[in-house]
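Residue-level structure breakdown
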Amino acid sequence: MQAQRIIEVRDLTVTFGDAPLFEGLSFSIAPGEHVVLTGPSGTGKSTVLRCLLGFVEPTQGEITMCGEALTPHSVWRIRSQMAFVPQEADLGQGTAREFIDSPFQYRVNIPKVANRERLPELLQAVGLNDALLSSEIGSLSGGEKQRIALVSALLLDQPILLLDEVTSALDKDNAARVHRLLASLKDKTIIGVVHEENGMPFATRQIAIRKGGV
């Protein structure tokens, strides 16, 4: 992989049943790019993110990330360089604070415990109040869950951030707050999936996915 590429996808095909979801998909992304994946519903945008995470195994093709080919042997190492926020995050049970604290109980994240000091700053940036942290997850709205999941991902401070419709449950003002925060992350490589036009206005590049490829 060339040094200026943090992600390289070559001739990727994913088939469900007898028909390919997409085929011959190729693109590359440089460090620090903010890229949006667009296209009609059903073309496989979210599946592309899951391929990058190693959750979906492509029928054929190759993915290289952070200078290493994505394989069953390297997937955990590569995945540790990414944070993923799905459209409908499953935050489990307990309080919002317990969800945010839970990743730091794992040995791999213990060196990042000090990142939790940024929690008040990030909550304010996405339009949430500190008092929400004591709320039970079951009482949160869909938009509050999305923002809690995003804040949790940002506290892990990974170089690659994958976002699947991260503002789909937010009103215009809160979506704008999230977009401003993400736009400020110049040191992060961000790949986001959207369905609507201008759904990720801070993106520096768009990759349009259609049936059959890019």
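Note that the coordinates shown come from a computational prediction; the quantities given were computed from them, not determined experimentally. (Residues numbered from 1 in each chain as written. Predicted model: local features only at pLDDT ≥ 70, side-chain atom pairs only at ≥ 80, totals over all residues. Heavy atoms only, no water.)

**Some details on helix H6 (residues 172–183)**
For H6, spanning 12 residues, the distance from its first C-alpha to its last is 16 Å, which sits close to the expected 16 Å at 1.5 Å a residue. Within H6, the full set of buried residues consists of Asn174, Ala175, Val178, His179, Leu181 and Leu182. Axial view of H6: buried residues confined to an arc of 160 degrees, hence all on one face. Of the exposed residues in H6, the ones pointing more than 90 degrees away from its buried face are Lys172, Asp173 and Arg180. In the core, the buried residues of H6 are packed alongside strand S3 (34–38), helix H4 (119–125), helix H5 (142–155), strand S7 (160–164) and strand S8 (189–193). (Helix = DSSP H or I, 4+ residues; strand = E, 2+ residues; numbered from the N terminus. Expected span 1.5 Å × (residues − 1). Buried < 20%, exposed > 50% of the residue type's maximum accessible area, 1.4 Å probe, protein only. Arc of directions from axis to C-beta. Contact = heavy atoms within 4.5 Å.)

**Examining the pairing of strand S4 (residues 60–65)**
Regular strands show a simple pattern: their side chains alternate between the two faces of the sheet. Note that strand S1 (residues 7–16) and S4 share five bridges and pair antiparallel. The residue bridging Val9 from the neighbouring strand is Ile63, located in S4. Strand direction decides the pairing type here: S4 and strand S5 (residues 68–69), joined by two bridges, are antiparallel. From the neighbouring strand, Met65 faces S5, where its bridge partner is Glu68. Hairpin remark: S4 followed by S5, antiparallel, with two residues in the connecting loop; positive phi at Cys66, about 55 degrees. (Pairing = 2+ DSSP bridges.)

**Quick look at the environment of Val85**
For Val85, the position within the fold is in strand S6 (residues 82–85). A C-alpha to C-alpha distance of 6.8 Å links Val85 and Val166, two positions 81 residues apart in sequence. In contact with Val85, not counting residues within four places along its chain, are Gln146, Ala149, Leu150, Ala153, Leu162, Leu163, Asp164 and Val166.

**Considering the sheet that holds S6**
Neighbouring strands of a sheet are bound in pairs by backbone hydrogen bonds; such pairs are parallel or else antiparallel. Reading across from one edge, S6-S7-S8-S3-S9 is the order of the five strands in this open sheet, with parallel pairing throughout. The two strands at the open ends of the sheet, each matched to only one other strand, are S6 and strand S9 (205–208). In this sheet, neighbouring strand axes are inclined to one another by 15 degrees on average, regardless of whether the strands run parallel or antiparallel. In this fold H5 packs onto S6 and S7, with an angle of close to 180 degrees to the strand it touches most, S6. (Axes fitted to C-alpha atoms, helices over the stretch in contact; angles between N-to-C directions.)

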